[in-house]
Amino acid sequence: MTARIPESGVNLLRDPALNKGTAFSDEERDALGLRGLLPPHVCSPEQQLARVLENLRRKSSALEKYIDLRALHDRNEMLFFRLLMDYPDEVMPIIYTPTVGLACLNYGHIYQRPRGIFVSAEDRGRVKRVLGNWPSREVKIIVVTDGERILGLGDQGANGMVIPVGKLALYTACAGIHPAHCLPVLLDVGTNNAALRRDPLYLGLPQERVRGASFEALVDEFVAAAREVFPDVLIQFEDFANHNAFRLLERYRGRIPVFNDDIQGTAAVTLAGLLSALRIAGGALKDQRLLFLGAGEAAIGIADLTVSAMMRQGLSERAARERCWLFDSKGLVIASRIDLDARKRRYAHERAPISDFCAAVKAVQPTAIIGAAAVPGAFTREVIAAMAAINVHPIVFALSNPTSQSECTAEQAYAWSGNRALFAAGSPFDAIGVADRMLVPRQANNSYVFPGIGLGAIVSGTRLVTDAMFMAAAYALAERVTAADLSHGSLYPPLSDVRAVSAHIAAAVARVAYEEGLATVPQPEDLLGHVKSQMYEPRYPSYTG
Ligand code: NAD
């Protein structure tokens, strides 16, 4: 491939999408006016990779590593993605959870260069113009947040931009969506985080959040403008607070291709983990009893998708719901409570009130507990022991992020259950040697599914993103878990397989789009082959033919 040649060599070095740094060949240095602007030695991409890796490993703190990677992303896109793809276990936890949480908390302090588009409450009436400032019209996917519920860290206002930036890097690394097709967006409507507003280095609007009709109008204007400026763009809502997340999803999902990863992506990745766990524990999904700690976006999303999956196994909707229990900040969600919204009420069953989670475990007798309340340490020794008394293989998912919010560690889940727990977590935990084997807890990481869902939606040009697509994604992910993975207690494939996983998920999602009559591009004969052919590979362009 011969790349477009900018007018000056210096500009080439400053454009991360075109820059090859010390890898510019002698011919290119002569042809592009780069001679003398670089040290004489021409490096191979492998040498460059070794250098950036050495530098990264020299940084002693996670935040320093994050800053280093951001700078690389802004300097040399190819190297950044090569590093991310070749060392996913090392680099993904920096670019995304858990370090991304730390980066959010410190955004105004570590900020170096802008990335993405900031649409603020003051841009009402001119959002289209703001989006038009983006230099490319090739955008196919937008990840947008208003920063109100960042991981389990609450309201981070404009600092939340770190999340769409990280997420889109994963769309590229994990599913090969071309970087030029990705646009991170931050809707800055203020923050109710008073400490942040007082921080002199805070970069967002230092005001209370805009709510109600004004908020709604801004989102409406943004969505309409995005679809106009970037026709057919897929919009992924990210880290909106619970009350807005469900409402925005409902508002747009029947009209345009949108999805909410916190609700729907989490559901797919968790359902896949449950399916894997049952290959070890035995039994059908329809016979499980799930108790959620938390009743928010993650918990309700997972419960809803699990109910659909149980219905596919023959249960009525009512019977399937009865197998899912929620426990929120007020205790067990039961029919006699009068404080429940409609979403929770669907899971409110007849039972006496219980305000202690361990007592709820003993009463409900779940086969699985799923933590999504950002209450660190909530899965105590007593809770895990109670689960282990009820089940030969208790399923314990500690989903809350980042690591500091985890309901329990992998070590605790294993130790307190006599190494019988089938464990997955939102954050990464190291492998643990027990008796005769290694237990390898893998992350219930949304990045197994959202990149493939995005790619499948883009490849098929789907007009909507439907529940059936998330179900297909969950099964496609579960199918990638091998017997060898299961023998180590791993409920997910290794992250190093994520490209292959994403390709399969994308094909499964696209297949649903074709089956549901939602696709807008002709169906290729070999869907998986076509998906793979569309995936971006980080490679330097040649400027001299
Ligand atoms: P949310 O704000 O929508 O829901 C939080 C829920 O927790 C609410 O129902 C609230 O009532 C409940 N809660 C709060 N305090 C409680 C307490 N003391 N006891 C019981 N329940 C309590 O948030 P969410 O989007 O559902 O996310 C929750 C957590 O899950 C976050 O830490 C997030 O990072 C994590 N998460 C992980 C993954 C993943 O691992 N793949 C995906 C999504 C979310």
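Here, every reference points to the structure presented above.
Residues numbered from 1 in each chain as written. Predicted model: local features only at pLDDT ≥ 70, side-chain atom pairs only at ≥ 80, totals over all residues. Heavy atoms only, no water.

Per the secondary structure count, the chain includes 25 helices and 13 strands. Relative to its length of 545 residues, the chain is compact, with a C-alpha radius of gyration of 24 Å against a globular reference of 24 Å. Here the C-alpha coordinates of the chain stretch approximately 80 × 60 × 55 Å along the principal axes. Across the 545 residues that make up the chain, the buried fraction comes to 59%. Look at the contacts in the chain between residues 6 or more apart in sequence, and 72% of them connect residues 24 or more apart. Placing the 57 positive and 58 negative side-chain charges of the chain at their respective mean positions leaves the two points 2 Å apart. (Helix = DSSP H or I, 4+ residues; strand = E, 2+ residues; numbered from the N terminus. Rg over C-alpha atoms; globule rule 2.2 N^0.38 Å. Buried < 20%, exposed > 50% of the residue type's maximum accessible area, 1.4 Å probe, protein only. Contact = heavy atoms within 4.5 Å. Lys, Arg positive; Asp, Glu negative; His and termini not counted. Charge placed at Lys NZ, Arg CZ, Asp CG, Glu CD.)

Bringing the site of the ligand into the picture now. Looking at the ligand, there are 24 residues lining it, with Arg-149, Ala-295, Ala-298, Ala-444 and Asn-446 nearest. Between the ligand and Arg-149 there is a distance of 2.2 Å, counted from an oxygen atom to a side-chain nitrogen or oxygen. One of the backbone nitrogen or oxygen atoms of Ser-329 is found 3.2 Å away from a nitrogen atom of the ligand. Contact with the protein chains covers 82% of the free accessible surface of the ligand, which is 850 Å². Put simply, the parts of the chain that give the shell around the ligand at least two residues each are α15 (297–312) and β7 (324–328). Split by residue class, the shell around the ligand holds 11 nonpolar, 10 polar and three charged. (Near = heavy atom within 4 Å. Polar contact = N/O pair within 3.5 Å; in protein donor to acceptor, adjacent residues only side chain to side chain. Areas by Shrake-Rupley, 256 points an atom, 1.4 Å probe, with all protein chains shown as cover. Nonpolar A, V, L, I, M, F, W, Y, C, P; charged D, E, K, R; others polar.)

Let us now look at the side chain of Gln-48. One can find Gln-48 in helix α3 (residues 45–58). Taking relative accessible area as the criterion, Gln-48 reaches 4% and is therefore assigned buried. Not counting chain neighbours up to four residues away, the residues in contact with Gln-48 comprise Lys-20, Gly-21, Thr-22, Ala-23, Cys-43, Asn-76, Leu-79 and Tyr-540.

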